[in-house]
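Architecture and fold: a report
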Amino acid sequence: EADIYQTPRYLVIGTGKKITLECSQTMGHDKMYWYQQDPGMELHLIHYSYGVNSTEKGDLSSESTVSRIRTEHFPLTLESARPSHTSQYLCASSEWGQGKDTQYFGPGTRLTVL
Amino acid sequence: GENVEQHPSTLSVQEGDSAVIKCTYSDSASNYFPWYKQELGKGPQLIIDIRSNVGEKKDQRIAVTLNKTAKHFSLHITETQPEDSAVYFCAASAYTGGFKTIFGAGTRLFVKA
């Protein structure tokens, strides 16, 4: 079983609040990812990182930001939450290199913005 | 852009029957094809994967087949059990200087007891 953790698991918050979703992995993986999963199940890549000090935007435009100061930690921040941010957020990690691209997912954070 | 199409979006089978989920990819550079199972309230978990130098791979009741010429790959679950009920995702990954993994839209599988 993969060692990747997300906190909180559930969060209900009011509009305008700043929130940070935490993601940590203990596998020493270089690559990390954030996905937004809509009620229709589909996974949308919103951010990823190749390693420390690397952050890239994904395919789906997002008002969130990420940082990668430590290999094991990849937090996602929303400066001002809105109801449209209500969703499931999944963090994942993988090794870097040919033949090492399996992604391992955390349990997810269910965010509800009122 | 590159994409992965997954069918069906919903599949209902009787316990003990087989279930087949099919995916088609567009990027001919794709060489790694993982399948994930997502249970309610959890993140997706890898259940089986296949690389482009292999045509078929089996792990107990689960098998994956790959047809690179047709850009098709499929997940086969035999002797389905109620605990197989979940959402299944296929994905295709290509290494072109950096990895690009594209997920299918998911299949919700119901196994009726």
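Our subject is the structure that appears above.
Sequence order as written defines the numbering, with residues in each chain counted from 1. In the order they appear in the text, chains get letters beginning with A and ligands get numbers beginning with 1. Residues qualify for local features only when their pLDDT is at least 70, as the model is predicted, and side-chain atom pairs are given and counted only at 80 or more; totals for whole chains, interfaces and linings, by contrast, use all residues. Computation of side-chain values: all heavy atoms of the structure, hydrogens and water removed.

The contact definition used throughout considers only heavy atoms, calling two residues in contact when any of these lie within 4.5 Å. With 23 residues of chain A in contact, the opposing surface of chain B contributes 27 residues. Here, a salt bridge means any side-chain nitrogen of Lys or Arg that lies within 4 Å of a carboxyl oxygen of Asp or Glu. Connecting chain A to chain B are two salt bridges. Here D101 of chain A and R51 of chain B are joined by a salt bridge, their closest N and O atoms 3.3 Å apart. The helix count covers DSSP runs of H or I at least four residues long, the strand count covers runs of E at least two residues long, and both are numbered beginning at the N terminus. Every element with two or more residues in the side of chain A that touches chain B is listed here: β4 (31-37) and β9 (87-94) of chain A. By residue number, the principal contributor to the side of chain A that touches chain B is β4 of chain A, which donates three residues.

Turning our eyes to something else, we now look at the state of the cysteines. Cysteine sulfur pairs qualify as disulfides if the two atoms are within 2.5 Å. Taken as a whole and judged by the stated rule, the model has two disulfides over all chains. Across the disulfide, C23 of chain A is cross-linked to C91 of chain A (sulfur-sulfur distance 1.9 Å). Between C23 of chain A and C91 of chain A, the disulfide has an S-S torsion of -75 degrees and is therefore left-handed. Here C91 of chain A lies in strand β9 and C23 of chain A lies in strand β3 (residues 19-25), a separation of 68 residues in the sequence. Linked covalently through their sulfurs, C23 of chain B and C90 of chain B form a disulfide whose S-S length is 2.0 Å. Sign of the S-S torsion, about -100 degrees for the bond between C23 of chain B and C90 of chain B, identifies this disulfide as left-handed. With a gap of 67 residues between them, C23 of chain B in strand β3 (residues 19-25) and C90 of chain B in strand β9 (residues 86-95) connect regions that are remote in the sequence. Partly exposed describes any residue whose relative accessible area lies between the buried limit of under 20% and the exposed limit of over 50%, with all areas from a 1.4 Å probe on protein chains only and scaled to the type maximum. The exposure class assigned to C23 of chain B is buried, which follows from its relative accessible area of 1%. The class of C90 of chain B is buried, set by a relative accessible area of 0%.

All names here are of chain B. With nine of ten residues buried, β9 is to be regarded as a mostly interior element. As defined by bridge partners, strand β4 (residues 30-38) adjoins β9 across six bridges and the pair is classed as antiparallel. When the bridges of β9 are listed, S30 appears paired with A94. The pairing criterion is simple: DSSP has to find at least two bridges between the two strands. Pairing between β9 and strand β11 (residues 107-112): three bridges, direction antiparallel. By the bridge assignment, V87 is partnered in β11 with R108.

Residues and elements named next belong to chain A. The strand order across the open sheet formed by four strands is β1-β3-β8-β7, and the pairing between neighbours is antiparallel. The two strands at the open ends of the sheet, each matched to only one other strand, are β1 (4-7) and β7 (65-66). Across three bridges, β3 lies against strand β8 (residues 76-78) in antiparallel orientation. In the strand pairing of β8, L21 is matched with L76.

So, about the environment of T7 of chain A. Residues and elements named next belong to chain A. Within the secondary structure, T7 sits in strand β1. Judged by its relative accessible area of 45%, T7 falls in the partly exposed class. In this structure, the C-alpha to C-alpha distance between T7 and E22, residues 15 residues apart in sequence, is 5.2 Å.

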